[in-house]
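What follows is each chain in one-letter form.
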Amino acid sequence: MEGQDLPYVLIDHIGGKHGVYEDHVEFLEKHFHLITMTEYLENKKFLSKKIRAIYMWYHRPVINEELLQSLPNLKIVASSGVGIDHLDLKLISSYGVKVSNTPFVVSTDTADLGMALMLASSRRLVEGHQIAVSPDTEYFPADWLGAEVSGATLGIVGMGTIGYKVAERAKAFEMKILYHNRNRRNKEEESAVGAIYCKKIDDLLQQSDFVLLSVNLTPQTRKLIGKRELELMKPTATLINTSRGLVVDQDALVEALQNKVIKAAALDVTYPEPLPRDHPLLKLKNVIITPHIGSATKKTRRLMMENMMESIQAGLAGLPIPNEVLL
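None of these values were measured; they are calculated from a predicted model.

With that settled, the discussion passes to the pairing of strand β6 (residues 153–157). The element β6 is extensively covered by neighbouring structure, given that 5 of its 5 residues are classed as buried. Both faces of β6 are covered, namely the face carrying Thr 153, Gly 155 and Val 157 and the face carrying Leu 154 and Ile 156. Pairing geometry for β6 and strand β7 (residues 176–180), over 5 bridges, is parallel. Within the sheet, the bridge partner assigned to Gly 155 lies in β7 and is Leu 178. Considered for its hand, the β-α-β crossover made up of β6, helix α8 (residues 161–172) and β7 is right-handed. Examined bridge by bridge, β6 and strand β9 (residues 210–213) share 4 bridges and lie parallel to one another.

Another point: the UniProt feature "domain: D-isomer specific 2-hydroxyacid dehydrogenase catalytic" (unreviewed entry) in the chain. As annotated by UniProt and renumbered to match this structure, "domain: D-isomer specific 2-hydroxyacid dehydrogenase catalytic" (unreviewed entry) occupies residues 22–325. Secondary structure within residues 22–325 divides into 38% helix and 15% strand; the distance between the first and last C-alpha atoms comes to 27 Å.

Ranked by size, the top nonpolar core spans 30 residues in total, and within it Leu 230, Leu 239, Leu 253 and Leu 281 carry the most contacts. Where this core is concerned, the elements lending two or more residues are α10 (201–207), β9, α12 (250–258) and β11 (264–267). Among the elements that make up this core, the one with the highest residue count is α12 (5 residues). Contacts of Leu 253, omitting those with residues within four sequence positions, involve Leu 230, Leu 239, Val 248, Ile 262, Ala 265, Leu 267 and Leu 281.

All right, on to the environment of Asn 259 then. Along the chain, Asn 259 falls in the loop between α12 and β11. Judged by its relative accessible area of 51%, Asn 259 is exposed. It is 9.8 Å that separates the C-alpha atoms of Asn 259 and Pro 235, two residues lying 24 residues apart in sequence.

The next subject is the pattern of salt bridges. Opposite charge on two side chains permits them to pair, given that their charged atoms come into close proximity. Tallied over the full model, the rule gives 11 salt bridges. We note a salt bridge from Glu 189 to Arg 185, for which the minimum N-O separation is 3.2 Å. Taken together, the salt bridges that share partners define one network made up of Asp 202, Arg 228 and Glu 229.

It is worth spelling out α12 at this point. Buried within α12 we find Gln 250, Ala 252, Leu 253, Val 254, Ala 256 and Leu 257. The secondary structure elements touched by the buried residues of α12 are α11 (227–232), β10 (238–241), β11 and β12 (287–289). The first or second residue beyond α12 is Lys 260, which carries a positive phi of 60°.

This part takes up the UniProt feature "domain: D-isomer specific 2-hydroxyacid dehydrogenase NAD-binding" (unreviewed entry) in the chain. Look at the UniProt record and you will see "domain: D-isomer specific 2-hydroxyacid dehydrogenase NAD-binding" (unreviewed entry) annotated at residues 115–294. Between the end C-alpha atoms of residues 115–294 there is a gap of 11 Å, over a span that is 32% helix and 16% strand.

It is worth spelling out the side chain of Thr 242 at this point. Its location among the elements puts Thr 242 in the loop between β10 and α12. By relative accessible area, Thr 242 is classed as buried at 11%. A polar contact is formed between the side chain of Thr 242 and the backbone oxygen of Leu 213, at a distance of 3.3 Å. The residues contacting Thr 242, other than those within four sequence positions of it, are Thr 110, Gly 114, Leu 117, Leu 212, Leu 213, Asp 268 and Val 269.

It is worth spelling out the layout of surface pockets at this point. There is about 520 Å³ of room inside the second largest pocket. What lines the second largest pocket is a set of 29 residues, among which Glu 127, Lys 285, Asn 286, Val 287 and Ile 288 lie closest to the centre. Among the elements of the structure, α6 (107–122), α7 (125–133), β11 and β12 are those that each provide at least two residues to the lining of the second largest pocket. It is α6 that contributes the most residues to the lining of the second largest pocket, 6 residues altogether. For the lining of the second largest pocket, a count of residues per class yields 16 nonpolar, 7 polar and 6 charged.

By the element assignment, His 279 lies in the loop between β11 and β12. When its relative accessible area of 13% is taken as the criterion, His 279 is described as buried. Among the polar contacts listed, one links the side chain of His 279 to the backbone nitrogen of Leu 281, at a separation of 3.1 Å. Leaving out residues up to four positions away in the same chain, His 279 has contacts with Gln 250 and Val 254.

Parameters and conventions
Residues numbered from 1 in each chain as written. Predicted model: local features only at pLDDT ≥ 70, side-chain atom pairs only at ≥ 80, totals over all residues. Heavy atoms only, no water. Buried < 20%, exposed > 50% of the residue type's maximum accessible area, 1.4 Å probe, protein only. Helix = DSSP H or I, 4+ residues; strand = E, 2+ residues; numbered from the N terminus. Pairing = 2+ DSSP bridges. Right-handed = clockwise from strand over helix to strand, strands pointing away. UniProt positions renumbered as here; feature names shortened; annotations may be inferred. Core = buried A, V, L, I, M, F, W, Y, C linked by side-chain atoms within 4.5 Å. Contact = heavy atoms within 4.5 Å. Salt bridge = Lys/Arg side-chain N within 4 Å of Asp/Glu carboxyl O. Polar contact = N/O pair within 3.5 Å; in protein donor to acceptor, adjacent residues only side chain to side chain. 1 Å grid on protein atoms, 1.4 Å probe; cavity = no way out; pocket = protein on both sides within 12 Å on 5 of 7 lines; lining within 4 Å. Points joined across faces, edges and corners; volume = space filled by probe spheres on them. Nonpolar A, V, L, I, M, F, W, Y, C, P; charged D, E, K, R; others polar.

Next comes the structure, spelled out in structure tokens:
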């Protein structure tokens, strides 16, 4: 296919802070005529009717009514990752535009990271590294201890694809697995990982040594874990969040950690990201924070890009869209 026949796809920019990866561009340009937001704004009159899809990487470009109104032939928005809280689905749908995401390719890496955070927090790996490399260290204290993961109780809030993969990994650590979910898994799935369903989240919180959050951000899950929920947890428990920062009331979390209501927290997500450099969470020794890297491996990011490309191609061809997000 000649370059001029390729469908026009809007992206934010290439490279840099939040741009499409430079090593993805060559592949994408075999299938699409990529238009950056700068190019679009400089030649809006010509390009507005040409663009038929938006390739949304790192939640960019931002999609609002002004942009939708300016793209009369837009058919699909392909968004990277599993979260869709950055999209106004009703607004986009009102323009006859479809939406896709990439939920399944991120699940393995995110589950791996959830386990990594659990292990790093329980065995105090970050603190241990600091002791080992500190120029002031003269000996390793014999009473510097962590907590066991093997045989402990893990409570998973949100037993979707990611949550279930965490359970599969936790089974290998001989953990007792509890879970809370909108819909109960079938008996075969529960049996395969030895998971016990908790209809009430309170029951899970009260029994778990580790509570791992793996839910989508919705109005119902916003600040799902607040002061009341934290006080239900064991004083020896650790909270792990790989979902979205707003699922946790951060002010309540800071207070709980400072007052030893819970033992520790391990967070791949916060609100905002990054946190202000003077935020109290950054000063607590019983907190590990990673920079939202749940799906951040080369293989997975490549698969995300390929999934998005396939969704755009299907959407433009009038075919069923892989991983279409429905209202």
